[in-house]
Amino acid sequence: MVSAPPPPPAAQVLVASNRGPVSYSLRDDGGLDARRGGGGLVSGLSAIGAEADALWVCAALGDGDREAVRRGVGEPGVRMLDIEESVHSDAYNGIANSVLWFVHHMLYQTPLEPVFDEEFRRQWAAYETYNRAFAQALADQAADGAAVLIQDYHLALAPGMLRELRPDLRIGHFSHTPWAPVDYFRMLPDDIAEQLLRGLLGADRTCFLTRRWADAFTACCTELLGADSLSGTRIGVHGLGADADFLRERAHRPDVDERLEALREQIGPGRKTIVRVDRTELSKNIVRGLLAYRHLLESRPEWRERVVHIAFAYPSRQDLAVYRAYTAEVQRLAEEINATYGTAGWTPVVLHVKDDFARSLAAYRLADAALVNPIRDGMNLVAKEIPVISERGCALVLSREAGAYEELGEDALAINPYDVTGTAQALHEALTMPDGERSERSKRLAVAATALPPQQWFLDQLRALREGG
Ligand code: F6P
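Fair warning: this is a prediction, and the values are worked out from it, not measured in the lab.

(A) Just the overall build of the protein chain, in detail. Broken down by element type, the protein chain carries 18 helices and 15 strands. Over its C-alpha trace the protein chain gives a radius of gyration of 23 Å, about what one expects of a compact globule, namely 23 Å for 469 residues. Across its three principal axes, the protein chain shows a C-alpha extent of roughly 80 × 50 × 40 Å. Looking at the protein chain alone, contacts between residues at least 24 apart form 77% of all its contacts between residues at least 6 apart. If you sum the accessible surface of the protein chain, you get close to 19,700 Å²; carbon and sulfur atoms cover 50% of it.

(B) Representation of the sheet that holds strand E11 (residues 307-314) within the structure. In spatial order, the strands read E12-E11-E10-E13-E14-E15; together these six strands make up an open sheet with parallel pairing. Unpaired on one side and paired on the other, strand E12 (349-352) and strand E15 (413-415) mark the two borders of the sheet. Going from strand to strand, the sheet's axes swing by 20° on average, the running direction of each strand aside. Sheet topology note: the strand E10 (residues 272-279)/E11 ladder contains eight bridges and is parallel. Bridge assignment links Thr 273 to a residue of E11, and that residue is Val 308.

(C) Quick peek at the nonpolar core. Membership of the largest hydrophobic core comes to 165 residues, with the highest contact counts inside it found for Trp 179, Phe 185 and Leu 196. Split by domain, this core shows at least three residues from each of two domains, domain 1 (2-240 + 456-467) and domain 2 (244-449). Beyond its immediate sequence surroundings of up to four residues, Trp 179 is in contact with His 104, Phe 185, Leu 197, Leu 200, Phe 208, Trp 213, Ala 216, Phe 217, Cys 220 and Arg 376.

(D) Focus on the packing of aromatic side chains. A full pass over the atoms with the stated rule returns 13 aromatic pairs. Note on Phe 102 and Tyr 108: the rings are 5.3 Å apart at their centroids and 50° apart in plane angle, and the pair reads as tilted. In this structure, Phe 102 and Tyr 108 share a single accessibility class: buried. Judged by centre distance (5.1 Å) and plane angle (85°), the ring pair of Trp 179 and Phe 217 falls under edge-to-face. With a gap of 38 residues between them, Trp 179 in the loop between strand E7 (170-174) and helix H6 (182-185) and Phe 217 in helix H8 (residues 211-225) connect regions that are remote in the sequence. Here the aromatic cluster, defined as three or more aromatic residues joined through ring pairs, consists of Phe 116, Phe 120, Trp 124 and Tyr 127. Cation over ring: Arg 306 sits above Trp 303, and NZ or CZ is 4.4 Å from the ring centre. Stacked on the ring of Phe 312, the Lys or Arg Arg 359 has its end atom at 5.0 Å from the ring centre.

(E) Structural detail: the side chain of Asn 131. Within the fold, Asn 131 resides in helix H4 (residues 118-141). Polar contacts involving the side chain of Asn 131 include one to the main-chain amide nitrogen of Ala 158, which spans 2.9 Å. Sequence-distant contacts of Asn 131, defined by excluding residues within four places in its chain, comprise His 154, Leu 155, Ala 156, Leu 157, Ala 158 and Met 161.

(F) Quick peek at the site of the ligand. In the neighbourhood of the ligand, the contacting residues comprise Arg 19, Tyr 92, Asn 97, Trp 101, Asp 152, Tyr 153, His 176, Thr 177, Arg 279 and Arg 317. Arg 19 places a side-chain nitrogen or oxygen 2.7 Å from an oxygen atom of the ligand. For the ligand, an oxygen atom lies 2.5 Å from a polar atom in the side chain of Tyr 92. Summarising the interface, the protein chains cover 74% of the accessible area of the ligand, which totals 400 Å² for the free molecule. Looking at the shell around the ligand element by element, the count peaks at three residues for helix H3 (residues 85-105). Of the residues that constitute the shell around the ligand, the class distribution is three nonpolar, three polar and four charged.

(G) Examining helix H10 (residues 254-267) more closely. Under the 1.5 Å per step criterion, the end-to-end length of H10 is 20 Å for 14 residues, consistent within 8% with the ideal 20 Å. Along H10, the positions that sit buried rather than exposed are Val 256, Leu 260, Leu 263 and Ile 267. Down the axis, H10 shows its buried residues gathered within 70° of arc, on one side only. Seen from the open side of H10, the exposed residues pointing more than 90 degrees away from its buried face are Pro 254, Glu 258 and Glu 265.

(H) Examining the sheet that holds E7 more closely. The parallel open sheet is built from seven strands, whose spatial order is E5-E4-E1-E6-E7-E8-E9. The open sheet has two free edges, formed respectively by strand E5 (78-81) and strand E9 (234-237), since each of these has just one partner strand. This sheet shows a mean twist of 20° between the axes of neighbouring strands, independent of strand direction. Bridge analysis of strand E4 (residues 54-59) against E5 gives four bridges, and the strand direction is parallel. Directly across from Ala 59, in E5, lies its bridge partner Leu 81. Relative to the sheet, H8 contacts strand E8 (205-208) and E9, its axis offset from that of E9 by approximately 160°.

(I) Here's a closer look at the domain arrangement of the protein chain. In terms of domain boundaries, the protein chain breaks down into domain 1 (2-240 + 456-467) and domain 2 (244-449). The distance between the C-alpha centroids of domain 1 and domain 2 comes to 31 Å. Of the residues lining the interface, 24 residues belong to domain 1; the matching set on domain 2 comes to 21 residues. In total, domain 1 and domain 2 occlude about 1,600 Å² of area from one another, counting both sides; carbon and sulfur atoms represent 55% of this. Counting the surface domain 1 buries against domain 2, the share from its top three residues, Trp 101, Arg 212 and Leu 240, is 28%. In this structure, the connection of domain 1 to domain 2 is made through one salt bridge.

(J) The arrangement of the side chain of Ser 399 in detail. The residue Ser 399 is located in strand E14 (residues 395-399) in this model. Apart from residues lying up to four places away in sequence, Ser 399 is in contact with Val 372, Asn 373, Pro 374, Tyr 405, Ile 415 and Pro 417.

About the thresholds
- Residues numbered from 1 in each chain as written.
- Predicted model: local features only at pLDDT ≥ 70, side-chain atom pairs only at ≥ 80, totals over all residues.
- Heavy atoms only, no water.
- Helix = DSSP H or I, 4+ residues; strand = E, 2+ residues; numbered from the N terminus.
- Rg over C-alpha atoms; globule rule 2.2 N^0.38 Å.
- Contact = heavy atoms within 4.5 Å.
- Areas by Shrake-Rupley, 256 points an atom, 1.4 Å probe, with all protein chains shown as cover.
- Pairing = 2+ DSSP bridges.
- Axes fitted to C-alpha atoms, helices over the stretch in contact; angles between N-to-C directions.
- Core = buried A, V, L, I, M, F, W, Y, C linked by side-chain atoms within 4.5 Å.
- Buried < 20%, exposed > 50% of the residue type's maximum accessible area, 1.4 Å probe, protein only.
- Domains from an automatic or database assignment.
- Phe/Tyr/Trp six-rings, centres within 6.5 Å; stacked < 30°, edge-to-face > 60°.
- Lys NZ or Arg CZ within 6 Å of the ring centre and 35° of its normal.
- Polar contact = N/O pair within 3.5 Å; in protein donor to acceptor, adjacent residues only side chain to side chain.
- Near = heavy atom within 4 Å.
- Nonpolar A, V, L, I, M, F, W, Y, C, P; charged D, E, K, R; others polar.
- Expected span 1.5 Å × (residues − 1).
- Arc of directions from axis to C-beta.
- Buried area = accessible area lost by both parts, 1.4 Å probe.
- Salt bridge = Lys/Arg side-chain N within 4 Å of Asp/Glu carboxyl O.

Here it is as structure tokens:
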């Protein structure tokens, strides 16, 4: 006789996101290596610790993850969904990263794109399937009245789908990106725009990193669906901050000290540093950052030999041709600047493209100026982290289009991210800021940046969801 499998444990708190807290890679000998990721959500969720019957539902992203699912290997509290590879690719690369990311970050070169054709419709069907797989998994695993926190633009339809399957649940959605202004959002076909909004309005609370993005969402709902559409959903704003305790401890471990020494050697004695650390993401505006630095060296030759731009640009979304081309352009431009201005004892741009968290922290410690110039960004945690770690206090050159600007704007040097000469001028001001002023501003930036650490950020959302706030 075959007995029925035991019922899956019913979770009280569930998190859903495309990328999970752990990933697996296949070794040559066929074994699996697990690697835990970091980030706000991972440390936020740790706040509920042992209390929790918590479950994190995520997608299997690569061959290692898929193999782990097939072998039944997994971490407690994590459920990976083995969604068919082509469906995942169409949903993630096709819709989430090539359409929704572009809309919310306003990245299209509009004379030629976007084009919403049959191919788009085919990919959209995959996006629906992918969202349905998450909604079904959450519905299957949630206890009565459980709290479900769904993350990001990958899963914009899941709240509405889950609401239909399980009306008893408390559903929250969090957008870690900006939200597009109404006119830009309306580039999407009308039925798709409506479906996206209704998907998110399936949540009890729909949350954003800043008031600006929340207002943009509200404006889209009001304009496209009417003011009544918002009556069943509360809008929340939770400005995720840097994790000061973690950063301060981690930034002084031996591996960071080691990298600090290596960087100091590369920079050379007595030179100032301009630091940036990003994924090589189209929205991060790394190319215009390099153009601004080149303009600084060209227009103010007194900086030659006296400053080094430390630029860490870690690979991201390399399945997409446009990201590969962008990565190549960043490297080409850095090399060109070094070839034009470099001397035997001075490399103007130190560019690293291999992800190394310890080296990033070492660069944070060395920063005299930080350059954070995104075209548009949900928050930008680097802007918040550098002032916490920099040893001499750093001047922050910050795009007014970064979410972090809402909290840090007063003590930062604000820039229009498209204005390369303006950015060069701000870099000059940052480098010449008197020590006392720089250190005072940096202290205030660090206080503002750490006002809402990840654990509190997560608990606030959970409480508001449970209490109807
Ligand atoms: O930074 C915004 C964000 O939406 C994060 O919430 C999310 O983890 C990331 O972008 C997605 O990036 P990736 O495509 O590398 O998973």
